[in-house]
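Summary of structural features
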Amino acid sequence: MAVKSKEQMILEFKSLIPFVKSLEEVPDKHWDKPIATGKWTVKDILCHLMLWDKYFYEGAIKKIILKEPLTTKHLDFNEFNANAIEYAKLLSKQTLIEQFVLYRSRILDTVSGLTDEECDLEYKDGDRKKFSVRKYMRSFIPHDKHHKKQIEQFLKYIQQG
């Protein structure tokens, strides 16, 4: 994997915002439909992404700027994802899109203000494990792409339907 500059990672991280905004055009009947048998809905996927952004922004990215100890810990992914699906049920499409854009933008704004050195600096998280902004972004960019591809394939399928 080629080493990406902070600017390249920011652009890739930012690229999900217009895609998510475009999901506003997806009819509600498709918004709440599983993308495949036994899979999540578009709404579930988006809530999952938004809550991870919120978690890392509030527990790590924001803490770095405030020079406070990081509170992020290695969580039980299944439990986190189950909670995201439950939370998605409480949100309208518009509110969820707005929350996604809010937290993703907060991360981007904060990271944009960091130097390359600050992005590479290793902090101790709530579990006393190493955390760096660069490693976080580098691991979540493929995560974003995976879910974006799932949604795109689903939308393509229903348009052909």
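What you see is a predicted model; the values in this text were computed from it and never measured. (Residues numbered from 1 in each chain as written. Predicted model: local features only at pLDDT ≥ 70, side-chain atom pairs only at ≥ 80, totals over all residues. Heavy atoms only, no water.)

**Comments concerning the overall build of the chain**
In terms of helices and strands, the chain carries eight helices and two strands. Walking the chain from its N terminus toward its C terminus, one meets helices and strands in the order α-α-α-α-α-α-α-β-β-α. Against the globule reference of 15 Å for 161 residues, the chain gives a C-alpha radius of gyration of 16 Å, in line with a compact fold. Considered along the principal axes of its C-alpha atoms, the chain spans approximately 50 × 30 × 25 Å. Here the analysis covers contacts within the chain between residues at least 6 apart in sequence; of these, 74% occur between residues at least 24 apart. Summing over all exposed atoms, the chain offers an accessible surface of approximately 9,300 Å²; the carbon and sulfur share of this is 54%. Mean positive and mean negative side-chain charge positions of the chain (28 and 24 charges, respectively) differ by 3 Å. (Helix = DSSP H or I, 4+ residues; strand = E, 2+ residues; numbered from the N terminus. Rg over C-alpha atoms; globule rule 2.2 N^0.38 Å. Contact = heavy atoms within 4.5 Å. Areas by Shrake-Rupley, 256 points an atom, 1.4 Å probe, with all protein chains shown as cover. Lys, Arg positive; Asp, Glu negative; His and termini not counted. Charge placed at Lys NZ, Arg CZ, Asp CG, Glu CD.)

**Brief notes about the UniProt feature "domain: DinB-like" (unreviewed entry) in the chain**
Taking the UniProt record as the reference, the feature "domain: DinB-like" (unreviewed entry) is found at residues 21–151. Across residues 21–151, the secondary structure splits into 66% helix and 3% strand, with the terminal C-alpha atoms separated by 13 Å. (UniProt positions renumbered as here; feature names shortened; annotations may be inferred.)

**Description of the pattern of salt bridges**
Applying the stated rule across the entire model yields 11 salt bridges. Linking R104 and D144 is a salt bridge whose minimum nitrogen-to-oxygen distance equals 2.7 Å. A residue pair is termed long-range when its members are at least 10 positions apart, and R104 in helix α6 (residues 93–112) and D144 in helix α8 (residues 133–160) qualify at 40 residues. The pair R104 / D144 is uniform in exposure class, with both members buried. The partner of K148 in a salt bridge is E152, with the nearest N and O atoms 4.0 Å apart. Note that K148 and E152 are positioned in helix α8 at a spacing of four residues, about one turn of the helix. (Salt bridge = Lys/Arg side-chain N within 4 Å of Asp/Glu carboxyl O. Buried < 20%, exposed > 50% of the residue type's maximum accessible area, 1.4 Å probe, protein only.)

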